Amino acid sequence: LLDALADMGALAIERVRLVEDLDRAERAAETDRLARALLTSISHDLRTPLASALGAASTLRDLDAALTPEAKAELLATIIEESERLNRFIVNLLDMTRLEAGAVAPNLALQDVAETVDTALRRTQAVLAGHRVAVDVAPDLPTLRLDPVLFEQVLVNLLDNAAKYAPEGSTVTVRARREGRSVCIAVLDEGNGIPEADVERVFDKFYRVHKSDRVRAGTGLGLAISRGFVEAMGGTVGAGNRRDRPGAAFTVTLPVPARTAPREIAA
Ligand code: ADP
């Protein structure tokens, strides 16, 4: 009986090994596939704006004398716009790399939520120029322990998206409320919202619902970076659709600091 049990044991171990080997091979193949997809996506995102800028610059050089001042201005605008797009993509890639390497160390300090929201709104004034902006920050919110640079960047990303994905003239709302032991900051817009099937994935790296949309083309990194920044500060992010009307709702939830030592109270 003992021998039979030992044999069965050996067989079971062998089976587990086989399954593990298969798992490992599958995982390696999946990693390989992901790396390839990533490279294709990155080269596409780098080459598309570069090709447009190069095309515009060549036209300027070759047809200089034949071009009207308006045509020249348009070509220059293209060069600048596409270079900015390229720059944004590279900055995003670097942020993402830093996050994945665990190299983002938040500089946490007690901050006033209303103030940080104001700064983010000031920074996005130009992109939000065609939208109405409503600020609904509860008075008497507790100060939060956050890195103002990272937090502002998250808000700027969400506001940029609201401006990009909701029609001009519509209202973008920034709301901040206390919810128990947390403060929830929400950016709400009046666009088409996010298809139910994509809600779970919008924070994934390089994920885009509007893949072939050149006008609203982005890097697909803004939300992934935002989630990384918020999690580095001990918070969580959420994406969904508004219940009261069409539009997307993005939330950042941060814990209220447990106890505030007197010397930590923000000036
Ligand atoms: P992108 O640079 O493409 O905007 P993000 O990571 O910021 O990348 O967003 C990922 C995707 O989530 C976007 O491509 C878009 O499809 C969707 N998305 C983000 N914000 C909104 C919004 N406010 N309304 C509708 N869809 C949105």
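See the structure above.
Residues numbered from 1 in each chain as written. Predicted model: local features only at pLDDT ≥ 70, side-chain atom pairs only at ≥ 80, totals over all residues. Heavy atoms only, no water.

**Remarks on the side chain of Asp198**
Its location among the elements puts Asp198 in the loop between β5 (182-188) and α5 (222-232). Of the polar contacts made by the side chain of Asp198, one reaches the side chain of Tyr207; its length is 2.3 Å. Contact partners of Asp198, with chain neighbours within four places excluded, come to Tyr207 and Val209. (Helix = DSSP H or I, 4+ residues; strand = E, 2+ residues; numbered from the N terminus. Polar contact = N/O pair within 3.5 Å; in protein donor to acceptor, adjacent residues only side chain to side chain. Contact = heavy atoms within 4.5 Å.)

**A short note on unusual backbone geometry**
With the exception of glycine, the majority of residues adopt a negative phi angle, and the majority of peptide bonds are in the trans configuration. The backbone of Asp140 shows a phi angle near 40°, a positive value even though the residue is not glycine. Checked against the element boundaries, Asp140 lands in the loop between β2 (132-137) and β3 (144-146). The phi angle at Phe206 is positive, at roughly 65°, despite the residue not being glycine.

**A word on a nonpolar patch on the surface**
Taken together, the side chains of Leu1, Leu2, Leu5 and Met8 define a hydrophobic patch exposed on the protein surface, amounting to about 530 Å² of accessible area. The residue Leu2 is located in helix α1 (residues 2-63) in this model. Judged by its relative accessible area of 71%, Leu2 falls in the exposed class. (Patch = residues over 30% accessible without salt bridge, like charges linked within 9 Å, V, L, I, M, F, W, Y side chains within 5 Å. Areas by Shrake-Rupley, 256 points an atom, 1.4 Å probe, with all protein chains shown as cover. Salt bridge = Lys/Arg side-chain N within 4 Å of Asp/Glu carboxyl O. Buried < 20%, exposed > 50% of the residue type's maximum accessible area, 1.4 Å probe, protein only.)

**Comments concerning the sheet that holds strand β4 (residues 171-179)**
In space, the five strands of this open sheet follow the order β2-β4-β5-β7-β6, with mixed pairing throughout. Where the open sheet ends on each side, the last strands, each with one partner, are β2 and β6 (236-241). The average angle at which neighbouring strand axes cross in this sheet is 15°, direction not considered. Sheet topology places β2 next to β4; six bridges connect them, and they run parallel. Residue Ala134 lies in a different strand from β4, and its bridge partner there is Thr173. Contacts between helix α4 (residues 148-165) and the sheet are confined to β4, β5 and β7 (248-255), with β5 contributing the most and set at about 30° to the helix. Across the sheet, α5 is in contact with β6 and β7; its angle to β6 comes to roughly 140°. (Pairing = 2+ DSSP bridges. Axes fitted to C-alpha atoms, helices over the stretch in contact; angles between N-to-C directions.)

**Here's the deal with the layout of surface pockets**
Empty space within the second largest pocket amounts to approximately 490 Å³. Lining the second largest pocket are 15 residues, and of these Ala37, Ser41, Lys205, Phe206 and Tyr207 lie nearest its centre. Here the residues of the lining of the second largest pocket sort into six nonpolar, two polar and seven charged. (1 Å grid on protein atoms, 1.4 Å probe; cavity = no way out; pocket = protein on both sides within 12 Å on 5 of 7 lines; lining within 4 Å. Points joined across faces, edges and corners; volume = space filled by probe spheres on them. Nonpolar A, V, L, I, M, F, W, Y, C, P; charged D, E, K, R; others polar.)

**Quick word on α5**
Since the α-helix packs 3.6 residues into each turn, any two residues three or four apart lie on the same face. The complete set of buried residues in α5 reads Leu223, Ala224, Ile225, Ser226, Gly228, Phe229 and Val230. As for α5, its buried residues are in contact with α2 (69-100), α4, β6 and β7. Positive backbone phi, at 85°, marks Gly234, one or two positions downstream of α5.

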